[in-house]
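So you can see what is in the structure, the chains are spelled out below.
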Amino acid sequence: MTMQTIRLNNGVEMPLLGYGVFKVAPQECERCVSDALEVGYRLIDTAQAYFNEEGVGNAISKSGISRQDIFLVTKVWISNAGEEKAAASIDESLRKLKTGYIDLLLIHQAYGDVFGSWRAMEAAYRAGKVRAIGVSNFQAGRFFDFAHYVDIKPMVNQLQCNPLVQQRGIEPTLAEYGTKMMAWGPLGGEGAEGVVKSGLLASIGEGYGKTAAQVALRWLTQRGIVAIPKSTHMERMRQNLDIFDFTLTDEEMERIATLNCHDTGTVNFGDPQFVKYLVETYG
Ligand SMILES: NC(=O)c1ccc[n+]([C@@H]2O[C@H](COP(=O)([O-])OP(=O)(O)OC[C@H]3O[C@@H](n4cnc5c(N)ncnc54)[C@H](OP(=O)(O)O)[C@@H]3O)[C@@H](O)[C@H]2O)c1
């Protein structure tokens, strides 16, 4: 299997497919990431808010794989927003991840003093502690306002994206800044079966000997979107990685495009109740 990559707006090469560890319990995370590395993943996506950075760090340091062959992503949580707190949290993440640098550091949510966080991230980038910086869950208007005013333009915006949530509306705004999209929930997320049980995706997959999940991941990567499926099961980790030996036709890509039913996602990041909950709980 040859991993395909994309080039970020600062020239850094990033794998198109990775492994995410949201909701992977801290005590299980080391085993899961070790399994993921063993089956061939080289991009690992974690976050301060997942409370499992140590497990990721342990698995990487014990893997025997050269650090430069791994692309490590983590995210600054709302409770660490602001220049000083974000700077301290980056050092804390480096310590937990047992590494001298993070490949891609994201602002996890668009709340709190995100401009202060960004200044700390720019400083970490210039100091070589971070190879690329970006944001997550910044919807189009919010993203534009942010990208317009910051010095270093975000290299990535990580958003919910899968065949039911296609994020077409934000594409021109991301393109304006050369920002790449990274898809969270690429299989629809825990408990949601609309993607993995899609009849259309399954029938397209049949022709290639692939599952609906594999077709969804292939479709994302053919759009140039980085996908980070999560599974605690090694067989599914293998399956989700095995998507680079077939190519969906233009007609198949267009048929999948008809599945779009929540373009901007199933979470309303502008809902005051949702924002209130996040900032009052973590701010
Ligand atoms: N930036 C953000 O705000 C944000 C939000 C959510 C997620 N993320 C990141 O994105 C990653 C992926 O998103 P996600 O974990 O929410 O959802 P996901 O990867 O779309 O879906 C994970 C679910 O699908 C199941 N699954 C995995 N492979 C499968 C397959 N081949 N066939 C059928 N079911 C399969 C998993 O179950 P098993 O584990 O039992 O196999 C799990 O329940 C996260 O781990 C995290 O790194 C970021």
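About the criteria used
Along each chain, the written sequence defines residue order, and numbers are assigned to residues from 1. Per-residue local features are limited, in this predicted model, to residues with pLDDT of at least 70; the limit for side-chain atom pairs, both in listing and counting, is 80 or more; totals at the level of whole chains, interfaces and linings are taken over all residues. For the side-chain quantities, the full set of heavy atoms in the structure was used; hydrogens and water were omitted. The definition of a nonpolar core used throughout is a set of buried Ala, Val, Leu, Ile, Met, Phe, Trp, Tyr and Cys residues joined through side-chain atoms within 4.5 Å. Per-residue accessibility, obtained with a 1.4 Å probe over protein chains only, is compared with the maximum for each type, and a residue is labelled buried under 20%, exposed over 50%, and partly exposed between these values. Strands are runs of DSSP state E lasting at least 2 residues, helices are runs of H or I lasting at least 4, and numbering of each runs from the N terminus. Note on contacts: a residue pair qualifies if any of its non-hydrogen atoms lie within 4.5 Å across the two residues. An expected span of 1.5 Å times one less than the residue number is assigned to each helix. When we speak of the arc, we mean the arc of directions from the helix axis to the C-beta atoms. The pLDDT value expresses, per residue, how confident the predictor is, ranging between 0 and 100. We define a polar contact as two N or O atoms separated by no more than 3.5 Å, with the added condition that, inside protein, one atom must be a possible hydrogen donor and the other a possible acceptor, whereas residues neighbouring each other in sequence contribute only through side-chain atom pairs. Working definition: a ring pair exists when centres of Phe, Tyr or Trp rings (six-membered ring for Trp) sit within 6.5 Å. Plane angles under 30 degrees give stacked, over 60 give edge-to-face, the rest tilted. Only lysine NZ and arginine CZ atoms are considered, and such an atom sits over a ring when it is within 6 Å of the ring centre and within 35 degrees of the ring normal.

1. Some remarks on the nonpolar core
Generally speaking, soluble globular proteins have nonpolar side chains that are buried together. Counting residues in hydrophobic clusters, the biggest one holds 86 residues, and the most contacted among them are M14, Y19, V33, V56, L104, W118 and M182. In terms of residue count, helix α8 (residues 212-222) provides more of this core than any other element does, seven residues in total. The residues touching L104, leaving out its near neighbours within four places in the chain, are M14, F71, L72, V73, T74, A132, I133, G134, V156 and M182. Formed by six residues, the second largest nonpolar core is a distinct cluster that contains I78, Y111, F269 and V275.

2. Considering helix α3 (residues 83-97)
Compared with an ideal rise of 1.5 Å per residue, which puts 15 residues at 21 Å, α3 spans 21 Å between its outermost C-alpha atoms and is within 8% of the ideal. For α3, the set of buried residues is A86, S89, I90, S93, L94 and L97. Angularly, the buried residues of α3 cover 145° about the axis, an arc narrow enough to put them on a single face. Of the exposed residues in α3, the ones pointing more than 90 degrees away from its buried face are E84 and R95. Looking one or two residues past α3, K98 carries a phi angle of roughly 55°, positive in sign.

3. Observations regarding the confidence of the model for the protein
Detailed conclusions should not be drawn from predicted coordinates in areas where pLDDT is low. With 100% of its residues at a pLDDT of at least 70, the protein reaches an overall mean of 97. Here helix α11 (residues 272-282) stands out as the least confident element of the protein, with mean pLDDT 94; strand β6 (residues 104-107) is the most confident, with 99.

4. As for the side chain of D45
Relative to the helices and strands, D45 resides in strand β4 (residues 43-45). For D45, the side chain forms a polar contact with the side chain of K75, separated by 2.7 Å. If near-sequence neighbours (up to four positions away) are discounted, D45 is found in contact with Y19, G20, V21, Y50, V73, K75, Q158, M182 and I228.

5. What about the packing of aromatic side chains?
Tallying each qualifying case throughout the model produces eleven aromatic pairs. Taken together, a centroid distance of 5.1 Å and an interplanar angle of 40° make the contact between F22 and Y50 tilted. Residue F22 is found in the loop between β3 (19-20) and α1 (26-39), and its partner Y50 is found in the loop between β4 and α2 (53-63); the two are separated by 28 residues along the sequence. Take F22: its relative accessible area is 48%, and that puts it in the partly exposed class. For Y50, a relative accessible area of 13% puts it in the buried group. An aromatic cluster is present here, built from F115, W118, F138 and F146 joined pairwise through their rings. Stacked on the ring of Y101, the Lys or Arg R67 has its end atom at 4.0 Å from the ring centre.

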